[in-house]
Amino acid sequence: MIDKWFVIVNPTAGNGASKKKWPFIFDELLKQNLEFEFEFTAYKKHAVELVQKAIEKGFINFISVGGDGTLHHIVNGILSLNPSNILEIKIGVIPIGTGNDWVKTYAISKNYKKAIEIIKQKNTVLQDIGRIEIIKNNTFFYFNNLAGIGLDGYVVYKVNNFKNLGFLAYLVGALVSLSRYKKSVLEISFNTTVIKEKTLMLLIGICKYSGGGMQLTKESNPADGLFDISIIHKINFFDILFNIPGLFNGKITNHKLVNTFKTTELNIKVLDEHKTYIQADGELIGSGYFSVSMIPKALQFIVPL
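Residues numbered from 1 in each chain as written. Predicted model: local features only at pLDDT ≥ 70, side-chain atom pairs only at ≥ 80, totals over all residues. Heavy atoms only, no water.

Asker: Which residues make up empty space enclosed by the protein, and what values do they have?
Answerer: Within the structure shown, the criterion is met by one cavity of 30 Å³ or more. Along the walls of the largest cavity sit Gly66, Gly67, Asp68, Leu71, Val93, Pro95, Asn100, Trp102 and Val103, which together make up its complete lining. Taken together, the elements giving at least two residues each to the lining of the largest cavity come down to helix H3 (68-81), strand S4 (90-95) and helix H4 (102-105). Its residues assigned to classes, the lining of the largest cavity shows five nonpolar, three polar and one charged. (1 Å grid on protein atoms, 1.4 Å probe; cavity = no way out; pocket = protein on both sides within 12 Å on 5 of 7 lines; lining within 4 Å. Points joined across faces, edges and corners; volume = space filled by probe spheres on them. Helix = DSSP H or I, 4+ residues; strand = E, 2+ residues; numbered from the N terminus. Nonpolar A, V, L, I, M, F, W, Y, C, P; charged D, E, K, R; others polar.)

And the structure:
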């Protein structure tokens, strides 16, 4: 076992802010007496490979320098490898991204010096992780924040066009995409409930925030072993426009057009020919029929005391 930290840096995170800030982060890690090695990601999903190779070398302490996507790939690298010492692994985050949604649940500072102070304390929580199986090709993905299908996935597909807007990118993307997106007929099965209807979007939450700080699922608790799901069958441009505060303070989940539930697993079938995008933590992972199951208290994350 190697006690020092392995730092994974995504140089493209935050529209390149990560690369610019790295020399200062590097100096601060040294200043706060953290022993570490680091690697830059060079291509999509490279963080998956980097974390797996580091685990095989004996590392158990990791730092993600980037956004929600970087953390997502690190989580997927760990869970897909599933090492025997998985509960000894600790993940800290220095957030530099477009949305930085996962860190909001735990009030992790976007100031890199304060984020490093938090990491140094090694105070951890065991958090739930979601497991997605895409049925048509029998592939598995994991998510630590929120997954979705429908308009949510379509916005992720389009959001690169708006990333220069920072946390507003997702809101602007949703408003622009709403008139263009064609709803699919989904069959959503969970507990003893089956819902079969044209659906604008389905959101499956573990943590509280998504889409640049929006709260779209109700009473999310990342360690209660339950998904908090929101199903929206229809909503129009003006519904969103007049409820923008509710998107960010969570009151949108009380809107008559939003149905909320709790479950540990669900199955989703697409019953028509419309292409539907599935996203996990803001990363596109596929389309079509998929199932979701909960892995309770699966990974240790470093959070403030």
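Let's pick the thread back up.
Asker: Give a detailed account of the sheet that holds strand S12 (residues 258-263), specifying residues and quantitative values.
Answerer: The strand order across the open sheet built from six strands is S12-S11-S10-S7-S14-S15, with neighbouring strands paired in antiparallel fashion. Only two strands of the sheet have a single partner each, and these edge strands are S12 and strand S15 (283-286). In this sheet, neighbouring strand axes are inclined to one another by 20° on average, regardless of whether the strands run parallel or antiparallel. For strand S11 (residues 227-232) and S12, the ladder comprises six bridges, and the chain directions are antiparallel. Along S12, the bridge assignment pairs Phe227 with Thr263. (Pairing = 2+ DSSP bridges. Axes fitted to C-alpha atoms, helices over the stretch in contact; angles between N-to-C directions.)

Asker: Provide a residue-level description of the pattern of salt bridges, including the pertinent values.
Answerer: Counted under the stated rule, the structure contains six salt bridges. For the salt bridge of Lys104 with Asp101, the shortest nitrogen-to-oxygen distance reads 3.7 Å. A relative accessible area of 28% places Lys104 in the partly exposed class. (Salt bridge = Lys/Arg side-chain N within 4 Å of Asp/Glu carboxyl O. Buried < 20%, exposed > 50% of the residue type's maximum accessible area, 1.4 Å probe, protein only.)

Asker: Tell me what's going on with unusual backbone geometry, and back it up with residues and numbers.
Answerer: Here the phi dihedral of Lys45 falls at roughly 65°; this positive angle occurs in a residue that is not glycine. Here Lys45 shows up in the loop between strand S2 (36-40) and helix H2 (46-57). With relative accessibility at 42%, the residue Lys45 sits in the partly exposed group. Even without being a glycine, Asp281 presents a positive backbone phi close to 55°. Looking at the secondary structure, you find Asp281 in the loop between strand S14 (278-280) and S15.

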